[in-house]
Amino acid sequence: QVQLVESGGGLVQAGGSLRLSCAASGPTFSLYAMGWFRQVPGKEREFVAAISSWRGLITYYADSVKGRFTISRDNAKNTLYLQMNNLKPEDTAVYYCAASTKVRGITHYAEYEYWGQGTQVTVSS
């Protein structure tokens, strides 16, 4: 089992940047595929980005963030990151990190077993 704690959210102006971090507990962080999702009230949780287990050689991005967001992982630090550049007001949401034992389908929230508590990102226009 893994516990996840997000940090790095906040208020930023449109065009600005934020880096989210997700600290994971336990010695098996590298075994999990990891993902970032976001959610606004009244809407379904939305896929943002995912990275494969071990060395994280495979990454996936939602079309809405491709070219602006970068997902990465540091297994030595048990930490997942999401670098967010050129932020837009429509990026405003609670951002969640999640861990999955699956190899395939890691762009869908149903494939993730473990979730953090979320961190708020607000982008003002």
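Right above here is the structure, for reference.
In this text, all values refer to a predicted model and were calculated from it rather than measured experimentally.

1. Here's the deal with the sheet that holds strand 7 (residues 69-74)
On the basis of which strands lie adjacent, the open sheet formed by four strands has the order 1-3-8-7 and antiparallel pairing. On the outer flanks of this sheet lie strand 1 (4-7) and strand 7, each paired with one strand and no other. Averaged over neighbouring strand pairs, the angle between their axes works out to 15 degrees when direction is ignored. Relative to strand 8 (residues 79-84), strand 3 (residues 18-24) runs antiparallel, the two sharing six bridges. Looking at strand 8, one finds that Leu18 is bridged to Met84.

2. A closer look at unusual backbone geometry
If you check the backbone angles, Trp54 has positive phi at about 60 degrees while not being a glycine. Tracing the backbone through its elements, the reader meets Trp54 in the loop between strand 5 (46-51) and strand 6 (59-61). Positive phi values are uncommon outside glycine, yet Asn86 reaches one of about 50 degrees. As for its position among the elements, Asn86 is in the loop between strand 8 and strand 9 (93-100).

3. Here's the deal with the side chain of Ser21
Along the polypeptide, Ser21 turns up in strand 3. Dropping the residues within four chain positions of it, Ser21 is found in contact with Val5, Glu6, Ser7, Trp36, Thr79, Leu80 and Tyr81.

4. Focus: the layout of surface pockets
A volume near 170 Å³ is recorded for the largest pocket. If you go around the largest pocket, the residues you meet are Leu31, Tyr32, Ala33, Ser52, Ser53, Ile58, Tyr60, Ser100, Thr101, Lys102, Val103 and Ile106. Broken down by class, the residue content of the lining of the largest pocket amounts to seven nonpolar, four polar and one charged.

5. Some words on the pattern of salt bridges
Note that side chains of opposite charge can pair when their charged atoms are close. Applying the stated criterion across every chain, the model contains five salt bridges. Close ionic contact of Lys66 with Asp63 constitutes a salt bridge, the shortest N to O distance being 3.2 Å. In this structure, the salt-bridge partner of Arg68 is Asp91, at a minimum N-O distance of 2.8 Å. Here Arg68 is found in the loop between strand 6 and strand 7, whereas its partner Asp91 is found in the loop between strand 8 and strand 9, with 23 residues between them in sequence.

6. Topic: the nonpolar core
In globular proteins that are soluble, nonpolar side chains generally tend to be buried together. Within the largest apolar cluster, 35 residues are counted, with the highest numbers of intra-cluster contacts made by Met34, Trp36, Leu80, Leu82, Met84 and Tyr95. Elements with a contribution of two residues or more to this core: strand 3, strand 4 (33-39), strand 5, strand 7, strand 8, strand 9 and strand 11 (119-124).

Calculation notes
- Residues numbered from 1 in each chain as written.
- Predicted model: local features only at pLDDT ≥ 70, side-chain atom pairs only at ≥ 80, totals over all residues.
- Heavy atoms only, no water.
- Pairing = 2+ DSSP bridges.
- Helix = DSSP H or I, 4+ residues; strand = E, 2+ residues; numbered from the N terminus.
- Axes fitted to C-alpha atoms, helices over the stretch in contact; angles between N-to-C directions.
- Contact = heavy atoms within 4.5 Å.
- 1 Å grid on protein atoms, 1.4 Å probe; cavity = no way out; pocket = protein on both sides within 12 Å on 5 of 7 lines; lining within 4 Å.
- Points joined across faces, edges and corners; volume = space filled by probe spheres on them.
- Nonpolar A, V, L, I, M, F, W, Y, C, P; charged D, E, K, R; others polar.
- Salt bridge = Lys/Arg side-chain N within 4 Å of Asp/Glu carboxyl O.
- Core = buried A, V, L, I, M, F, W, Y, C linked by side-chain atoms within 4.5 Å.
- Buried < 20%, exposed > 50% of the residue type's maximum accessible area, 1.4 Å probe, protein only.

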